[in-house]
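Per-entry structural report
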Amino acid sequence: MDKLIQWALGNRALVMVAALLLTVFGILTATRMPVDVFPDLTAPTVTVITEAHGMSPTEVETQITFPIETAVNGASGVRRVRSATAVGISVVWVEFEWGTDIRNARQIVSEKVSGVAGDLPPEGERPTLAPQSSIMGEILFLSLSSEQHSPAELRSYAEVSLRRRLLAVPGVSQVTPIGGGEKQFQVVVNPAALQSHNVTLKQVIRALEEGNENVSAGIINERGAEWLVTGVGRIHSLDDIGATVVAARDGVPTQVRDLGEVKVGEAQKRGEGSAMGKPAVILGIQKQPGANTLELTKRLDAVLADVTVKLPAGMKLKTDIFRQANFIQVSVRNVQRALLEGILLVTIIVLLFLANFRATLITLTAIPLSLVTAVLALKWFGASINTMTLGGMAI
């Protein structure tokens, strides 16, 4: 230690330059580090979601949730498996050991789930892995409202246009629309028409399922050229649904329009979205782990400003319902203020009690160097700037 002090005293200029470079590098590093409310304190987690429309929670639990839990329980590196089951949906959380690469974890879970997907009931859809999202939840809530458009039109625009545009922003993991009306093509069957045409409801359902697809009929080689033959059956309009043939009697086809009404309607609602006391479609935006909330919010603001200009006439988009960036800025600003007040108090106390300007100057020099060194240490260990780390620096 004595030799280090002697060397520093003998090379004052070099020590000053090194301290200045350390300060500049630390400040640049601090401006580029992710800023959040709290640090990420959760183990790597993969979420498996399975929808099973019409199934009761007991059936979903025994026929879907339990088989998936059993499959992933024995996976390498799994430390805990949790699940939640509700009407028509199963959610399984698979937590891995600390330090596990999330991409490797998702690959392991995907392979395990694929092995049991074929054993799940036909009423359920294929299990899917939820997007990798931060534990901080939604960083931004938007509301889309209109007095000139129906709830179905609002929901369609939110899902088709807004959601796709926001998902294209780097750092966004998921955009979840809530409220409005989910658009459906509906066939309201008339029981009397079914009886008069001697057709069952199962025949109608089967015709609609099998008729909505294009079928390849192979390739025809003629005169040195290949011609692709395709049977076009994909539905594009209500007329296409109505023209679907269900059965034929004595060469006379029975079409869907003969058995009931074909219309565009809304799916049955189990919830609603509202803003300022009026019906609206709410969009919750989640970020990817490690993304800088403040920088991501700036990019989203730029995209939303462009989207607002191109909205259909009558639609209104509110972007200030909830902004996590505002809370982060206030929290960080408060901690920074406490930090500056602490530096000021230390300086005054040292100056009053030691009555030595040189000792006070040394303290003022040591505090910033200590802070930038702490920032570099946080960067080295992969941590972020948040209220907890800043609070530790202030103390």
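Residues numbered from 1 in each chain as written. Predicted model: local features only at pLDDT ≥ 70, side-chain atom pairs only at ≥ 80, totals over all residues. Heavy atoms only, no water.

The next point concerns the overall build of the protein chain. Summing up its helical and strand segments, the protein chain has 12 helices and 16 strands in all. The C-alpha radius of gyration computed for the protein chain amounts to 31 Å, which surpasses the reference 21 Å derived for 395 residues by more than 25%, pointing to a less compact arrangement than a globule. C-alpha extents for the protein chain along the principal axes are approximately 110 × 60 × 50 Å. Relative to its full complement of 395 residues, the protein chain shows a buried share of 34%. Look at the contacts in the protein chain between residues 6 or more apart in sequence, and 70% of them connect residues 24 or more apart. Averaging the positions of the 36 positive and the 36 negative side-chain charges in the protein chain gives two centres separated by 10 Å. (Helix = DSSP H or I, 4+ residues; strand = E, 2+ residues; numbered from the N terminus. Rg over C-alpha atoms; globule rule 2.2 N^0.38 Å. Buried < 20%, exposed > 50% of the residue type's maximum accessible area, 1.4 Å probe, protein only. Contact = heavy atoms within 4.5 Å. Lys, Arg positive; Asp, Glu negative; His and termini not counted. Charge placed at Lys NZ, Arg CZ, Asp CG, Glu CD.)

Counted under the stated rule, the structure contains 11 salt bridges. In this structure, the salt-bridge partner of Glu95 is Arg79, at a minimum N-O distance of 2.9 Å. On the criterion of sequence distance, the pair formed by Glu95 in strand S3 (residues 89-96) and Arg79 in strand S2 (residues 78-86) is long-range, its members being 16 residues apart. The class of Arg79 is partly exposed, set by a relative accessible area of 41%. The shortest N-O distance in the salt bridge between Lys278 and Glu147 comes to 3.9 Å. Taken together, the positions of Lys278 in strand S14 (residues 278-279) and Glu147 in the loop between strand S5 (138-146) and helix H5 (151-167) put the pair 131 residues apart, joining distant regions of the chain. (Salt bridge = Lys/Arg side-chain N within 4 Å of Asp/Glu carboxyl O.)

Attention now goes to the sheet that holds strand S4 (residues 128-129). Pairing within the open sheet is antiparallel, and its 4 strands lie in the order S2-S3-S1-S4. Edge positions in the sheet fall to S2 and S4, since each has one partner strand and no second. Looking at chain direction, strand S1 (residues 45-51) and S4 are connected through 2 bridges and run antiparallel. Its bridge partner being in S4, Ile49 is matched across the sheet by Thr128. Against the sheet, helix H3 (residues 57-73) contacts S1, S2 and S3, and its axis sits at roughly 165 degrees relative to S2. (Pairing = 2+ DSSP bridges. Axes fitted to C-alpha atoms, helices over the stretch in contact; angles between N-to-C directions.)

Roughly 640 Å³ of internal volume is contained in the second largest pocket. At the level of elements, helix H2 (12-32), helix H9 (293-309), helix H10 (324-354), helix H11 (357-380) and helix H12 (387-394) are the ones that each hand at least two residues to the lining of the second largest pocket. Its residues assigned to classes, the lining of the second largest pocket shows 17 nonpolar, 6 polar and 3 charged. (1 Å grid on protein atoms, 1.4 Å probe; cavity = no way out; pocket = protein on both sides within 12 Å on 5 of 7 lines; lining within 4 Å. Points joined across faces, edges and corners; volume = space filled by probe spheres on them. Nonpolar A, V, L, I, M, F, W, Y, C, P; charged D, E, K, R; others polar.)

Before going further, it helps to spend a moment on the confidence of the model for the protein chain. Within the protein chain, residue pLDDT values average 84, and 98% of them lie at 70 or more. Across the protein chain, S3 holds the top mean pLDDT of 92, while helix H1 (residues 2-10) sits lowest at 72. (pLDDT = per-residue confidence, 0-100.)

To continue, consider the packing of H3 against helix H4 (residues 102-117). At a minimum axis separation of 9 Å, H3 and H4 run at an interaxial angle of 135 degrees. As far as their axial angle goes, H4 and H3 are oblique. Remark: the crossing between H3 and H4 carries right-handed chirality. Where H3 abuts H4, its residues Pro67, Ile68, Ala71 and Val72 lie against Val109, Lys112, Val113 and Val116. Class assignment of the residues belonging to the contact of H3 with H4 gives a composition of 7 nonpolar, no polar and 1 charged. (Parallel < 35°, antiparallel > 145°, perpendicular 65-115°, else oblique. Left-handed = near helix turned anticlockwise from the far one by under 90°.)

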